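The lines below spell out each chain.
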Amino acid sequence: MGVALASIMLVGGAVTGQAPAWQPVGWGGGGFFWSCAFHPTVDGVIYLGGDVAGAYKTEDKGLHWRFINRGLRDYAVYALAVSPAEPDTVYAGTVTGLCKSTDAGEHWRFLPETAAGKLNLSVERQVSVRPIAVDPTRGGTVYAGSRHGRLYKSTDGGETWTELNYLPAVAGEGHPPPPPAFRGQGCLVMAFGSDAGDWNRNGRAELGLSQPGADWSGYRKLTARVFAPVEAPRLQAQLVVQSGPNWLWQQATPLDAKPGEWTELTLDLAGLKNLEAIHFAYCVVRSPDRGYRGDVYLDAVAVHASSESTVAPGPPRDTPGVVLLGDWEKAGDVEGWRANRTIADALFVTEVRQSADLEPRPEGAISSVAVAQTAPDVLLATSTKFGVLRSEDAGLTWTRTWTGPGAACVAIAPSDARIAYGAFGQDGVRRSEDGAVTWSAANEGLGKGCSIREVAVDPQDPSTVYCIGAVGWDGYFYLSTDGARTWQESRTLRRDFDANPTCPEDYGGIAAGTCPLSNPANLAVNPQDPQELFVAGNWRNVFSADGGLTWQERDRGADITCVTDIRFLGGKVYVTSMDEGLTMSEDGGASWRQLLPLAWDKEVSGHLWRVALWPGDGGPRILTTSSPWDSPPNRVFISEDGGRKFRVSRSGLPDYRPTPNTMWGQSYPRALAWNPTDPKVLYLGMDGDPEPDKGRAGGGVFRSGDGGDTWTQLPSQPGSRRCFNAFAMDPTDPNRLYWGACGNGGGVYRSEDAGASWERVFSNESWVFNAIVSPTGVAYCSGANLWRSADHGRTWQPVTRFSGSSAVIVGLEIDPRDESRLWLSRVTWGTGAVGGVYRTTDGGATWEEITGDLPYVKPTVLRFNPETSELWAGGVGLYKVRQ
């Protein structure tokens, strides 16, 4: 008898009745931290924004952090600003618009006029340094700059906005004349930010189309046209096709674009492989010798059925036998193809224009906005395209006061509006003593090659100024007490190894227990106590109580990590995480003890993915999978005594990290299946296809018969090795295995003979992220929906019917005491706050959303502890709720 489709009681809506209260039981999580701000009146309160985890708040100057994401629309918080006149009002800039809180960050509300379909007032992490500023006396007056170069003002707290037109100040700096014979066709205009060197690693701009699985077996050539302005440096253009199950990269030889004229490009398709399965076709342009910020035109990327057919130089474009892949004159799809404008590097901007549009228009990004506290009608803004802009009438009119490159941030001395400082990347710092009308260099003492990102001024003393910058991943802080005439470097910080054991104790000869500042993104000065500074950075956030002379790591609760697995045994909880290893709690998450690594170790430190546990006489037997940062081969660690000692095993595993057909660009051992009653037999899964021409066997499924000390790659492999973490053993028959794969050839593969052979038993979805088997042998797999098989994988029935969202089901758990009770989490892979946790108590007939007040609504790991009747959720952060 088939299983009825589930009726979703609540999908993305509010929970009826009392929402469950989730209890934080671990540490924070995320990646790079990009923004920070002090509360203007409450001592100890600092706000922090990250790129994947949302917003955080501390009440004790960074000693402890907690999430404050309730109501945030997006978890990429690249800008924060606090209202001096309304101290509990905070603005957060995200990649989808602005959010506002009026209760010190406890609740947020999206400002609808800033959405993508309206003003698109969004920010971007590399270029948006301080793009939001609030008038110091008029709390409802807010200024915000977008990553698209537009500047806005609101006088009602962000409900409505007026665009501030600074373009008259930059007349003559707009779009160059159109190329000859362009005939008013659409064009793609690219602003490059590449460095010299490798073709494959520099910034690039692309024009092409995407239609996964398209059949080009009847086509003969691919063509495009490129126009390079005379003033551009050497530019190279290349046609590229990606096809087949391994996304084979096939290309023409790079061709130099001829300055001042059209360059015709052709790629002969004869002899190319896998033309029956085309994924992408495009023209890519690079500046191979040096960085270039300028305009390049691409047009008429087309595929031809005949080797003789051509594309006319101007409209109309209905040439027989030609399918235009990139006809920017037309809107929407062309011949069923989808326009694909790819940005391969965050340092440049791409936009589609009409060549007849010759007037100046916003370009680059508004990287910072500053309001003079003693003269609030005086505004400064920095544009990555146009330099420094100045207004004396609250934004009504503007003048351009600096035209140099790299304008990243400007700051006005709070106590004296005549004094201003600017950060200009590689050009260092500049100072103005006449209200930012003129500028002079102020770089004595700054390190060579250090790109200065932000400046900040003491609230009371205009001659005390600070700046942050970076050389690669290394961060730098400088302070000056003489108005930026000279600078003093201060970049050594005291580590907090208990909170973040990710760095050598003896780092490059620096004293034990210290390390250098990590690449910084934002610098904040406490308006109540100017000696207190806070820097948000990538690996470590730091605090100074003495004006930047010394620094302390302040990460607890905002560590750069994500939980990857949770397991329970003997009243203890074991958790693996990216970057921070294996930890254990004996008190339900109230406190944690590090098991691996105990200090930075090149052979250990990195990502831990899965953990398996068995009872043992000397303590639990533990096995965990690992991918160290600095030692490429994947491996496992084994402890026989509850984690006091570990040994490493790589025997039989690849001595390199595979890259073809992987989820995240390289292979990770995210999949593990084992028999809870027999610790000797285990199966390990890692993604990655073989490379026969290099003698490399790739990833896939590996078996151990001695508890993980040695491994053997199975001779027979599932039809796709691109696995996330969907790998499960049937507890009723340890020879039965289920493997879930993603992408081409994705679905579920089953083995009935301990991996000796595999059969694809589920293909309803090609992206399967998780698979579990109940104590009685009922199998589940998840992609966009949850599926169940009660006959060992022979047939599958849907258990949910989610639709209308890009969310997929990643977290999956069964109550071993009652198999009719299941939990799942829906996850979106972008930065949007879209997801949720759901529960069924009737085998999937109905579902209830139990996301409640979970600060991060898309956990990737769900585990139920039957001893305590608690559901644990991990990913960004770690939480539990009573069930």
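Keep in mind the model is a prediction, meaning the values are calculated, not measured. (Residues numbered from 1 in each chain as written. Predicted model: local features only at pLDDT ≥ 70, side-chain atom pairs only at ≥ 80, totals over all residues. Heavy atoms only, no water.)

## A few points about the overall build of the protein chain
Item 1. Looking only at helices and strands, the protein chain features zero helices and 71 strands.
Item 2. The buried share among the 883 residues of the protein chain stands at 60%.
Item 3. Sequence-distant contacts, at least 24 apart, represent 56% of the contacts inside the protein chain between residues at least 6 apart.
Item 4. Carbon and sulfur atoms provide 49% of the accessible area of the protein chain, an area that totals close to 32,600 Å². (Helix = DSSP H or I, 4+ residues; strand = E, 2+ residues; numbered from the N terminus. Buried < 20%, exposed > 50% of the residue type's maximum accessible area, 1.4 Å probe, protein only. Contact = heavy atoms within 4.5 Å. Areas by Shrake-Rupley, 256 points an atom, 1.4 Å probe, with all protein chains shown as cover.)

## What about the sheet that holds strand β2 (residues 23–24)?
Either a parallel or an antiparallel arrangement is found when strands of a sheet pair, and the pairing is made through backbone hydrogen bonds.
Item 1. Within the open sheet, the four strands sit side by side as β2-β71-β70-β69. Their pairing is antiparallel. Strand pairing shows two members of the sheet lacking a second neighbour, β2 and β69 (861–865), which therefore form its edges.
Item 2. Bridge analysis of strand β70 (residues 870–875) against strand β71 (residues 877–882) gives six bridges, and the strand direction is antiparallel. When the bridges of β71 are listed, W872 appears paired with K880. (Pairing = 2+ DSSP bridges.)

## What about the nonpolar core?
Item 1. If you look at the biggest cluster of nonpolar residues, it comprises 34 residues, and the most contacted ones within it are W22, L48, Y56, F534 and L871.
Item 2. Elements with a contribution of two residues or more to this core: β3 (33–38), β4 (46–50), β42 (533–537), β69, β70 and β71.
Item 3. Considering each element in turn, this core owes the most residues, three residues, to β3.
Item 4. Non-local contacts of L48, meaning those with residues more than four positions away in its chain, are made with F33, S35, C36, G54, A55, Y56, W65, L80, F534, A536, N541 and A558.
Item 5. In this structure, A228, A237, L269 and L275 belong to the second largest nonpolar core, which totals 23 residues. (Core = buried A, V, L, I, M, F, W, Y, C linked by side-chain atoms within 4.5 Å.)

## What about the pattern of salt bridges?
Item 1. Enumeration over the complete set of coordinates arrives at 38 salt bridges.
Item 2. Measuring nitrogen to oxygen at the nearest pair gives 3.1 Å for the salt bridge that ties R138 to D377. Here D377 lies in the loop between β27 (366–371) and β28 (379–383) and R138 lies in the loop between β11 (132–134) and β12 (142–145), a separation of 239 residues in the sequence.
Item 3. By relative accessible area, which is 35% here, D377 ends up partly exposed.
Item 4. Between E752 and R736 there is a salt bridge, and its shortest N-O distance comes to 3.0 Å. (Salt bridge = Lys/Arg side-chain N within 4 Å of Asp/Glu carboxyl O.)

## Details of unusual backbone geometry
Item 1. Backbone torsion omega between L596 and P597 reads -10°, so that peptide bond is classified as cis.
Item 2. With respect to the secondary-structure elements, P597 resides in the loop between β48 (593–596) and β49 (606–614).
Item 3. You will see that A436, though not glycine, has its phi angle at about 75°, which is positive.
Item 4. In this structure, A436 sits in the loop between β33 (429–432) and β34 (440–441).
Item 5. Not every positive phi belongs to a glycine, and H792 is a case in point at roughly 60°.
Item 6. Relative to the elements of secondary structure, H792 occurs in the loop between β63 (786–789) and β64 (797–798).

## Let's talk about the sheet that holds strand β9 (residues 97–101)
Item 1. Spatial strand order, β7-β8-β9-β10: four strands in an open sheet with antiparallel pairing. Of all strands in the sheet, those bounded by a partner on one side alone are β7 (77–82) and β10 (109–110).
Item 2. Here strand β8 (residues 90–94) pairs with β9 via five bridges, running antiparallel. Within β9, the position partnered with V90 by the bridge is S101.

## Overview of the environment of V240
Item 1. Topologically, V240 is positioned in strand β18 (residues 236–243).
Item 2. For V240 and Q250, which are 10 residues apart along the polypeptide, the C-alpha to C-alpha distance reads 5.8 Å.

## Digging into the environment of A536
Item 1. With respect to the secondary-structure elements, A536 resides in strand β42.
Item 2. On the basis of relative accessible area, A536 is assigned to the buried category, the value being 0%.
Item 3. Taking the C-alpha atoms as reference, A536 lies 10.0 Å from Y47; in sequence the two are 489 residues apart.

## Quick look at the side chain of D135
Item 1. Relative to the helices and strands, D135 resides in the loop between β11 and β12.
Item 2. Within the structure, the side chain of D135 is placed 2.8 Å from the backbone nitrogen of T137, a separation counted as a polar contact.
Item 3. Once residues within four sequence positions are removed from consideration, D135 is found in contact with P84, T141, V371 and P376. (Polar contact = N/O pair within 3.5 Å; in protein donor to acceptor, adjacent residues only side chain to side chain.)

## Quick word on the packing of aromatic side chains
Item 1. Applying the stated rule across the entire model yields 30 aromatic pairs.
Item 2. Judged by centre distance (4.9 Å) and plane angle (50°), the rings of W609 and Y668 are tilted. Taken together, the residues W609 in strand β49 and Y668 in the loop between β52 (647–649) and β53 (671–675) connect sequence positions 59 residues apart. Summarising the burial analysis for this pair, W609 and Y668 share the class buried.
Item 3. Taking the centre distance of 6.5 Å and the plane angle of 75° together, the rings of Y683 and F727 count as edge-to-face. Taken as a pair, Y683 in strand β54 (residues 678–686) and F727 in strand β57 (residues 727–730) lie far apart in primary sequence, 44 residues in all. No difference in accessibility class separates Y683 from F727, as the two residues are buried.
Item 4. An aromatic cluster of three or more residues is present, and its members are W609, W664, Y668, F724, W767, F769 and W829. (Phe/Tyr/Trp six-rings, centres within 6.5 Å; stacked < 30°, edge-to-face > 60°.)

## Description of the confidence of the model for the protein chain
The predicted structure's coordinates, where accompanied by low pLDDT, should not be read in detail.
Item 1. Put simply, the protein chain has an average pLDDT of 85, and 83% of its residues get 70 or more.
Item 2. Note that pLDDT drops below 50 for residues 1–17; the model gives that stretch 35 contacts with residues more than four away or on any other chain.
Item 3. Across residues 327–359, confidence stays below pLDDT 50; counting only partners more than four residues off in sequence or on other chains, it has 91 contacts. (pLDDT = per-residue confidence, 0-100.)

## As for the state of the cysteines
A covalent bond between the sulfur atoms of two cysteines is what we call a disulfide.
Item 1. A full pass over the atoms with the stated rule returns zero disulfides.
Item 2. Left unpaired, C742 is separated from the closest cysteine sulfur, that of C723, by 7.0 Å.
Item 3. On the accessibility criterion, C742 (0% relative accessible area) is buried. (Disulfide = S-S within 2.5 Å.)

## Some details on the environment of C515
Item 1. Note that C515 resides in strand β40 (residues 514–516).
Item 2. Counting along the chain gives 20 residues from C515 to R495, while the straight-line C-alpha distance between them is 6.8 Å.

## Comments concerning the pairing of strand β36 (residues 465–471)
Item 1. Among the seven residues in β36, six count as buried, and that is most of the element.
Item 2. Relative to β36, strand β35 (residues 451–457) runs antiparallel, the two being bridged by six bridges. Each bridged residue has a counterpart across the sheet, and for E454 the counterpart in β36 is I468.
Item 3. Sheet topology note: the β36/strand β37 (residues 474–480) ladder contains seven bridges and is antiparallel. Counterpart to V465 in the pairing with β37 is S480.
Item 4. Between the end of β36 and the start of β37, which pair antiparallel, lie two residues, with G472 showing a positive phi angle near 65°.

## What to know about the side chain of N661
Item 1. As for its placement among the helices and strands, N661 is situated in the loop between β52 and β53.
Item 2. A polar contact of 3.2 Å, which involves the side chain of N661, links it to the side chain of D689.

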